Amino acid sequence: MTSQENVEYRIAHLLDRLASEDLAELGVRIEPRGAGVLIRGSVSSPECRAEVLRFAAEELAGLDWREDVTVCRPGPPDHSEELS
């Protein structure tokens with residue numbers, strides 16, 4: 001198995017884990033970037049984000065990976081919007 005195939009295999013395994021565990025997170029994208037991996041997307045809570053990053057650290061151990069995972073606010077805004 002080549003290095004690139006190994007990275008793609010590990011990404012697929014992480015995606016399966018994100019989809020199948022209690023987390024059931026499908027809003028995260030994971031892409032190979034050169035010799036590393038980029039994880040990006042949005043999740044529903046800080047706890048969910050922490051779990052995604054924990055899984056990534058476990059599955060991508062030894063690889064250079066970066067993340068851009070944000071927490072979206074599914075509820076209504078807490079203040080009114082000022083229009084000019």
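It should be noted that the structure appears before, not after, this text.
Let us look at the structure shown here. (Residues numbered from 1 in each chain as written. Predicted model: local features only at pLDDT ≥ 70, side-chain atom pairs only at ≥ 80, totals over all residues. Heavy atoms only, no water.)

## Observations regarding the pattern of salt bridges
Using the following cut-off: What counts as a salt bridge is simple: a side-chain nitrogen of Lys or Arg found within 4 Å of a carboxyl oxygen of Asp or Glu. Numbering of helices and strands runs from the N terminus; a helix is a DSSP stretch of H or I covering at least four residues, while a strand is a stretch of E covering at least two. The cut-offs for exposure are 20% and 50% of the maximum accessible area for each residue type, with area from a 1.4 Å probe on protein chains only; residues under the lower value are buried, those over the upper are exposed, and the others partly exposed.
Applying the stated rule across the entire model yields seven salt bridges. Put simply, glutamate 58 and arginine 17 hold a salt bridge, and the shortest N to O gap is 2.7 Å. Taken together, the residues glutamate 58 in helix H2 (residues 46–59) and arginine 17 in helix H1 (residues 3–20) connect sequence positions 41 residues apart. Glutamate 31 is the partner of arginine 33 in a salt bridge, and the nearest nitrogen-oxygen pair spans 2.5 Å. Judged by relative accessible area, which is 48%, arginine 33 ranks as partly exposed. One salt-bridge network, in which partners are shared between bridges, spans Arg17, Glu51, Arg54, Glu58 and Glu59.

## Some points on H1
Convention followed: Take the residue count of a helix, subtract one, and multiply by 1.5 Å to get its expected span. In this description, the arc belongs to the directions extending from the helix axis to the C-beta atoms. We call two residues in contact whenever any of their non-hydrogen atoms come within 4.5 Å of each other.
Compared with the 26 Å implied by 1.5 Å per residue over 18 residues, the 26 Å span of H1 between its first and last C-alpha is a close match. Within H1, the full set of buried residues consists of Val7, Arg10, Ile11, Leu14, Arg17 and Leu18. Taken around the axis of H1, the buried residues stretch over an arc of 125°, which confines them to a single face. Facing away from the buried surface of H1 by more than 90 degrees, the exposed residues are Asp16 and Ser20. Where the residues of H1 are buried, they touch strand E1 (28–33), strand E2 (36–43) and H2.

## What to know about the nonpolar core
Put simply, the rule is: For our purposes a nonpolar core is just a set of buried Ala, Val, Leu, Ile, Met, Phe, Trp, Tyr and Cys residues, chained together by side-chain atoms within 4.5 Å.
Within the largest apolar cluster, 17 residues are counted, with the highest numbers of intra-cluster contacts made by Leu14, Leu18, Val28, Ile30, Val37, Ile39 and Leu60. Of all the secondary structure elements, the ones that give two or more residues to this core are H1, E1, E2 and H2. For this core, the element with the most residues is H2, which contributes five residues. Among all residues touching leucine 18, those that are not within four sequence positions of it are Leu23, Ala24, Glu25, Val28, Ile30, Val52 and Phe55.

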